[in-house]
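Chain residues, written in single-letter form:
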Amino acid sequence: MTTPTTQALLRTPFEPFHEKHGAHFVDFAGWRMPIHYGSILEEHKACREGAALFDVSHMGRLKFTGRHARRLLERLLTRRISDMVPGRCRYSLICNERGGVRDDVLIYRFEEHWLLVVNAANRRKILDHIEAVRGDLVFTVEDLTESTAMVALQGPKAMEKIGKFSSEVPTLKRYAFCTKNLLVLKMTISRTGYTGEDGVEVILDAGMAPKAIELLLAGRDQSVSVIPAGLGARDTLRLEAGMPLYGHELEEDIDPLSAGLDFAVSLDKGEEPNGERFIGQGALEKVAAAGPERKLIGLKLEGRRTPRQGMVVTDGGREVGGVTSGCLSPTLGYPIAMAYVERGSAEAGRSLGVVLSGQTVGAEVVALPFYKRG
């Protein structure tokens, strides 16, 4: 009897670069990804004060074409996209019929097609979901994930660095993108990111990845240094910026209104002529009418101990919720956490408690984000 072999991890086109720079790897959603190159704190600081480069090629990239591509995406996405113009992208969500979040995504509007960027752990699930809700719509979806690469250049000096190669990119508005030919590299560059800092995300052909990373790190001008950063710093950065992470703040049993993502939910979809309602819209209309029973909040903890997902949150000794993410904030110097709590315990300034190893530690409800670029 043979023993089933473990499926090999997928590797991004930047694997040689990671090896060269001494990356420490982890298995993340079936991909071999760098968690850090030396110090998570140093990589975090570099992004807050200078510029850092993140390999995000594990994110799924799905291309939609065809007569009904827009209608399909309106059916999938909580946010209206019919009014988008080419060169713009939007944050949105994909929900189940109960209004729970299947994934949070970015949608790009090109002249002739749409591009949907999904979380690595949800790529297969979203592809299956698309087929399940296809109906009689005529469209084609192409999975470009393994044929392309994606990097994020983030930090207050990121635009200065990219400006050495293009005068157009630094003029892009937030959530705008352009397609550029830089030297021999054709790239889609969007002014987006997941760190709370300014910066860009770049999508390009996988075969050009080694040259691209050399260009972005070195380039013609060394006045702005860029260091590689891994998933560890990416997580602490997004937590300080109050950005939700699927599997923590977002799940199939968590609705986007409870997560404070009202801006990404168009509850008036379907009212326009030939409009398409999104999957889960009815359930979210009920949540909006009654008000969410629980809310996502920020917590500033006393002491130095780090809160973790699943820890109980109390109000006056009574359990009212649980932590979804936490860390000792490198920028702020004290422990922070995001948590879901009953709406009666969610107002800013309220004193709550977090149970760490059987001991209740004091915590104050604070407005999200914890950190905002000045």
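Up top is the structure.
Because the structure is a prediction, the values reported are computed rather than measured. (Residues numbered from 1 in each chain as written. Predicted model: local features only at pLDDT ≥ 70, side-chain atom pairs only at ≥ 80, totals over all residues. Heavy atoms only, no water.)

This part covers the pairing of strand 6 (residues 88-95). For strand 6, the tally of buried residues reaches 6 of 8 residues, placing the bulk of the element in the interior. Note: strand 6 against strand 7 (residues 101-109), 8 bridges, orientation antiparallel. Across the sheet, the residue bridging to Cys89 is Tyr108, located in strand 7. Connecting strand 6 to the next strand, strand 7, in antiparallel fashion are 5 residues, including Gly99 with a positive phi near 90°. (Buried < 20%, exposed > 50% of the residue type's maximum accessible area, 1.4 Å probe, protein only. Helix = DSSP H or I, 4+ residues; strand = E, 2+ residues; numbered from the N terminus. Pairing = 2+ DSSP bridges.)

This next bit is on the packing of aromatic side chains. Following the criterion strictly, the structure yields 5 aromatic pairs and no others. Centre to centre, the rings of Tyr91 and Phe263 are 5.9 Å apart; their planes meet at 25°, and the pair counts as stacked. With Tyr91 in strand 6 and Phe263 in the loop between helix 7 (231-240) and helix 8 (281-290), this residue pair connects regions lying 172 residues apart in the sequence. In this structure an aromatic cluster arises from ring pairing among Tyr108, Phe110 and Phe177. We note Arg109 situated over the ring of Trp114; from NZ or CZ to the ring centre the distance is 4.5 Å. (Phe/Tyr/Trp six-rings, centres within 6.5 Å; stacked < 30°, edge-to-face > 60°. Lys NZ or Arg CZ within 6 Å of the ring centre and 35° of its normal.)

This part covers the nonpolar core. Ranked by size, the top nonpolar core spans 41 residues in total, and within it Phe54, Tyr91, Leu93, Tyr108, Leu115, Val117 and Leu250 carry the most contacts. Elements supplying a minimum of two residues to this core: strand 4 (52-55), strand 6, strand 7, strand 8 (114-118), strand 10 (148-154), helix 7 and strand 18 (335-342). Setting aside its immediate chain neighbours within four residues, Leu115 contacts Arg61, Leu62, Lys63, Leu106, Ile107, Tyr108, Phe110, Leu144 and Ile203. Counting 31 residues, the second-largest nonpolar core is a separate cluster that includes Tyr37, Ile162, Val169 and Leu217. (Core = buried A, V, L, I, M, F, W, Y, C linked by side-chain atoms within 4.5 Å. Contact = heavy atoms within 4.5 Å.)

The next point concerns helix 3 (residues 69-76). Every α-helix carries 3.6 residues per turn, so stepping three or four residues along brings you back to the same face. Counting buried residues in helix 3 gives 6 out of 8 residues, a clear majority hidden from the surface. Buried residues along helix 3 sit against strand 5 (60-65), strand 6, strand 7, strand 8 and helix 4 (123-132).

Position of Ser39 relative to the elements: it lies in the loop between strand 3 (31-36) and helix 2 (40-49). Look at Ser39 and you get partly exposed, because its relative accessible area is 22%. For the pair Ser39 and Leu245, spaced 206 residues apart in the sequence, the C-alpha separation amounts to 22 Å. At 3.1 Å, the side chain of Ser39 forms a polar contact with the backbone nitrogen of Glu42. (Polar contact = N/O pair within 3.5 Å; in protein donor to acceptor, adjacent residues only side chain to side chain.)

Right, let's talk about the sheet that holds strand 14 (residues 227-229) for a bit. Spatial strand order, 11-12-13-10-4-14: 6 strands in an open sheet with mixed pairing. Pairing within the sheet leaves two strands with one partner each, and these edge strands are strand 11 (177-182) and strand 14. Each strand of the sheet is rotated relative to its neighbour by a mean of 30°, with strand direction disregarded. Sheet contacts for helix 6 (residues 209-217): strand 4, strand 10, strand 12 (185-190), strand 13 (199-205) and strand 14; angle to strand 12, the most-contacted strand, approximately 60°. (Axes fitted to C-alpha atoms, helices over the stretch in contact; angles between N-to-C directions.)

Moving on: the sheet that holds strand 7. Across the sheet, which stays open at both edges, the 5 strands sit in the order 6-7-8-5-9 with antiparallel pairing between neighbours. Every interior strand has two partners, whereas the edge strands, strand 6 and strand 9 (140-143), have only one. Going from strand to strand, the sheet's axes swing by 25° on average, the running direction of each strand aside. Summarising the sheet, strand 5 and strand 9 pair through 4 bridges and their orientation is antiparallel. Among the inter-strand pairings, Thr65 is bridged to a residue of strand 9, identified as Thr140. Each of strand 5, strand 6, strand 7 and strand 8 is contacted by helix 3, which is oriented at about 135° to strand 5, the strand it contacts most.

Moving on to the pairing of strand 15 (residues 294-301). On a regular strand, each side chain points to the face opposite its neighbour's, so the side chains alternate between the two faces of the sheet. Of the pairings in the sheet, the one linking strand 15 to strand 18 comprises 7 bridges and is antiparallel in character. Looking at the pairing, Gly298 lines up with Met338 of strand 18. Looking at chain direction, strand 15 and strand 20 (residues 359-366) are connected through 4 bridges and run antiparallel. Bridge assignment links Leu301 to a residue of strand 20, and that residue is Ala363.

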